[in-house]
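Residues per chain, in single letters:
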Amino acid sequence: MKKSSRQMIIKQIINNHAISTQEELLHYLKEEGVEATQATISRDIKEMNLVKTNSANGNVKYTIFQHNKMSEEEKLEQTIGEVVIKLTRVEFMTIVMTIPGNAHVIAALLDAIDFPEMVGTVGGNDTVLIISKDQEDAKKLYDYFSKWTSF
């Protein structure tokens, strides 16, 4: 099956069901007659900008991140508000904890914006490490993130 067809089916599944894990997504794909590996689904999730958000009942589910016509900074600010659950600053580093599966989105947006206070990022599954030149720059980034969080 072509990637575009598979991703269209994934979009339909995500819009019609509260999918919280890749295993659930694989199950629904199989019901639709689509055979795919976990690695393929993982790549699709990244390419389709699927992020985990809280559903109405408090559970976590995949949602398609909407790009619309927002600037990269507006996308970052919205994403921070939706997925960041904890911030920590240590010396010249800012550590951003997210809902699992969303750190790469934050890291990619940060890299695209290229803040002058930032030397680089390392994005994992639920943690982004932002490295700054010094403590002053790290504090500026920490303060920036703080104003968009709700915890």
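Rules used in this analysis
- Residues numbered from 1 in each chain as written.
- Predicted model: local features only at pLDDT ≥ 70, side-chain atom pairs only at ≥ 80, totals over all residues.
- Heavy atoms only, no water.
- Core = buried A, V, L, I, M, F, W, Y, C linked by side-chain atoms within 4.5 Å.
- Buried < 20%, exposed > 50% of the residue type's maximum accessible area, 1.4 Å probe, protein only.
- Helix = DSSP H or I, 4+ residues; strand = E, 2+ residues; numbered from the N terminus.
- Contact = heavy atoms within 4.5 Å.
- UniProt positions renumbered as here; feature names shortened; annotations may be inferred.
- Pairing = 2+ DSSP bridges.
- Axes fitted to C-alpha atoms, helices over the stretch in contact; angles between N-to-C directions.

Draft legend 1. Broad picture of the nonpolar core. L76, I106, L110, V128, I130 and F145 are the most contacted members of the largest nonpolar core, which totals 22 residues. Elements with a minimum of two residues in this core: α4 (72-83), β3 (84-90), α5 (103-113), β6 (127-131) and α6 (135-148). Sort the elements by how many residues they give to this core and α5 lands first, with six residues. Once you skip the residues sitting within four places of it in the chain, I130 turns out to touch F92, M93, T94, V96, L110, M118, G120, T121, L141 and F145. One finds L29, I45, L50 and Y62 within the second-largest nonpolar core, a separate group that totals 14 residues.

Draft legend 2. How the structure looks around the UniProt feature "domain: Arginine repressor C-terminal" (unreviewed entry) in the protein. Here the UniProt feature "domain: Arginine repressor C-terminal" (unreviewed entry) sits at residues 81-146. Annotated as residues 81-146, this span is 39% helix and 33% strand, and its ends, taken at the C-alpha atoms, are 9 Å apart.

Draft legend 3. Main features of the environment of E31. Note on placement: E31 falls in helix α2 (residues 22-31). Owing to a relative accessible area of 54%, E31 belongs among the exposed residues under this scheme.

Draft legend 4. Structural view of the sheet that holds strand β5 (residues 120-123). A sheet is described by the order of its strands in space; here four strands give the open sequence β3-β4-β6-β5, paired in antiparallel fashion. The open sheet has two edge strands with one neighbour each: β3 and β5. Across the sheet, the mean angle from the axis of one strand to that of its neighbour is 15 degrees, orientation sign disregarded. The sheet contact formed by β3 and strand β4 (residues 93-98) spans six bridges and is antiparallel.

Draft legend 5. Fine view of the environment of G81. Relative to the helices and strands, G81 resides in helix α4. Contacts of G81, omitting those with residues within four sequence positions, involve W148 and S150.

Draft legend 6. Geometry of α5. Residues A103, V105, I106, A107, L109 and L110 constitute the buried set of α5. At the C-terminal side of α5, D114 shows a positive phi close to 60 degrees.

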